[in-house]
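Single-letter residue listing:
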Amino acid sequence: MKLLAILVVSYLMGATPTSYIAARAGGVDLRRVGSGNLGATNLYRALGWKYAVPAGLIDIAKGYVSAAFLSPLAGTSSPAGRPWIPLLVGGAAILGHVFPIYLRFQGGKGVATAAGVVLAVAPTPLLVSAGVWSLLLLSTGFMSLASMSAAVAFPIAALLTAPGDSHLLVASLVIASFIVINHRSNIRRLFHGTEPRFGRKRET
């Protein structure tokens, strides 16, 4: 029962529509500009770094706080004996970010919140993914491609750096698949050559 309550709290925290709130503060309905996605990338294209960077950092913090600070409150006397609890609680925050109850379940892609979760539970594989993300973003300019590549790289890095952690491997495969699926519209635009490169603002 206590775990269920923590999962609900984590979901509701993850569901807080950071980019939407920031865009509203800037006089923009993020659902009606650019891709319509309620993530920091679309916020950047609409209003620039001033709004996108704080929103992105808060999205990362939502995942980190859920996995690092909420999961110990789930009622287990031995967190080390239940390594899946931080992953489960962090997963609730990711789901909240992607499917926020406050905005009819229309949210972001989950990349930043997922990064916060893995920062708490597996920082070493995250460094590998961050390197892949940076390399792809700098070389191609496509945020979506960089994010998907980083997501795919994470399970590989987890397998190489923590080969005995089956919970992390399974969770990383689920998270990577979830992020790639959430980018299916970006995949179509990449295929058709219509995906905008990062750094170019859309007209609002």
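Preceding block: the structure.
The rules behind the values
- Residues numbered from 1 in each chain as written.
- Predicted model: local features only at pLDDT ≥ 70, side-chain atom pairs only at ≥ 80, totals over all residues.
- Heavy atoms only, no water.
- Helix = DSSP H or I, 4+ residues; strand = E, 2+ residues; numbered from the N terminus.
- Rg over C-alpha atoms; globule rule 2.2 N^0.38 Å.
- Buried < 20%, exposed > 50% of the residue type's maximum accessible area, 1.4 Å probe, protein only.
- Contact = heavy atoms within 4.5 Å.
- Areas by Shrake-Rupley, 256 points an atom, 1.4 Å probe, with all protein chains shown as cover.
- Lys, Arg positive; Asp, Glu negative; His and termini not counted.
- Charge placed at Lys NZ, Arg CZ, Asp CG, Glu CD.
- Phe/Tyr/Trp six-rings, centres within 6.5 Å; stacked < 30°, edge-to-face > 60°.
- Axes fitted to C-alpha atoms, helices over the stretch in contact; angles between N-to-C directions.
- Parallel < 35°, antiparallel > 145°, perpendicular 65-115°, else oblique.
- Left-handed = near helix turned anticlockwise from the far one by under 90°.
- Nonpolar A, V, L, I, M, F, W, Y, C, P; charged D, E, K, R; others polar.
- Polar contact = N/O pair within 3.5 Å; in protein donor to acceptor, adjacent residues only side chain to side chain.

Asks: Can you help me understand the overall build of the chain in this one?
Replies: The helix and strand tally for the chain stands at ten helices and zero strands. When the helices and strands of the chain are read in sequence order from the N terminus, they spell out α-α-α-α-α-α-α-α-α-α. Taken against the 2.2 N^0.38 rule, which gives 17 Å for 204 residues, the C-alpha radius of gyration of the chain at 17 Å falls within 12% of a compact globule. The C-alpha extent of the chain, read off along each of the three principal axes, is 55 × 35 × 25 Å. For the chain, with 204 residues in total, the buried portion stands at 45%. Long-range contacts, defined as pairs at least 24 residues apart, comprise 66% of the intrachain contacts of the chain with a sequence gap of at least 6. Carbon and sulfur atoms make up 68% of the accessible area of the chain, which amounts to about 10,300 Å² in all. Measuring between centres, the 17 positive side-chain charges of the chain sit 4 Å from its 5 negative side-chain charges.

Asks: What is the right way to read the packing of aromatic side chains from this model?
Replies: How two aromatic rings sit relative to each other is given by the distance of their centres and the angle of their planes. Taken as a whole, this structure holds three aromatic pairs when the rule is applied. Ring centres of Tyr64 and Phe69 lie 6.0 Å apart, and the angle between their planes is 70°; on these two criteria the pair is classed as edge-to-face.

Asks: Explain the packing of helix H8 (residues 143-161) against helix H10 (residues 184-192) to me, please; I cannot follow it from the model alone.
Replies: Axis angle and axis distance: for two packed helices, these are the angle between their axes and the distance between the axes, and together they describe the pair. Remark: H8 packs on H10, axes separated minimally by 10 Å, with the N-to-C direction vectors making an angle of 125°. The angle between H8 and H10 falls in the class oblique. The handedness of the crossing between H8 and H10 is left-handed. On H10, the residues touching Ser144, Leu145 and Met148 of H8 are Asn186, Ile187 and Leu190. Residue composition of the contact of H8 with H10, by class: four nonpolar, two polar and no charged.

Asks: Please explain unusual backbone geometry as it appears in this structure.
Replies: Backbone phi values are negative for most residues with the exception of glycine, while trans is the configuration of most peptide bonds. Although it is not a glycine, Arg104 sits at a positive phi angle of roughly 55°. Mapped onto the elements of the fold, Arg104 is located in the loop between helix H5 (84-98) and helix H6 (111-121). The residue Phe105 is not glycine, and still its phi comes out positive at about 65°. Inspection of the secondary structure puts Phe105 in the loop between H5 and H6. In this structure Phe105 comes out as partly exposed when scored by relative accessible area, which is 48%.

Asks: Would you mind going over the side chain of His183 with me for this structure?
Replies: Within the fold, His183 resides in the loop between helix H9 (166-182) and H10. When near neighbours in sequence (up to four residues on either side) are disregarded, His183 contacts Lys109, Val111, Ser144, Ser147 and Met148.

Asks: Help me understand the environment of Phe154, please; the structure alone is not making it clear to me.
Replies: Along the polypeptide, Phe154 turns up in helix H8. Classification of Phe154 as buried rests on a relative accessible area of 7%. Along the primary structure Phe154 and Lys62 are separated by 92 residues, whereas in three dimensions their C-alpha atoms are 19 Å apart. Filtering out sequence-adjacent residues up to four positions away, Phe154 remains in contact with Val118, Ala122, Pro125, Leu126, Ser129, Leu168 and Ser172.

Asks: When you look at the environment of Asp165 in this model, what are you seeing that I'm missing?
Replies: Counting through the fold element by element, Asp165 comes out in the loop between H8 and H9. Distance from Asp165 to Pro83, taken between C-alpha atoms, is 9.0 Å for residues 82 residues apart in sequence. Only 3.0 Å separates the side chain of Asp165 from the backbone nitrogen of Leu168, close enough to count as a polar contact.

Asks: What exactly am I supposed to notice about the side chain of Glu195 here?
Replies: Tracing the backbone shows Glu195 in the segment after H10. Only 2.8 Å separates the side chain of Glu195 from the side chain of Ser144, close enough to count as a polar contact. Polar side-chain contacts of Glu195 include one of 2.7 Å to the side chain of Arg189. Dropping the residues within four chain positions of it, Glu195 is found in contact with Phe142, Ser144, Asn186, Arg189 and Leu190.

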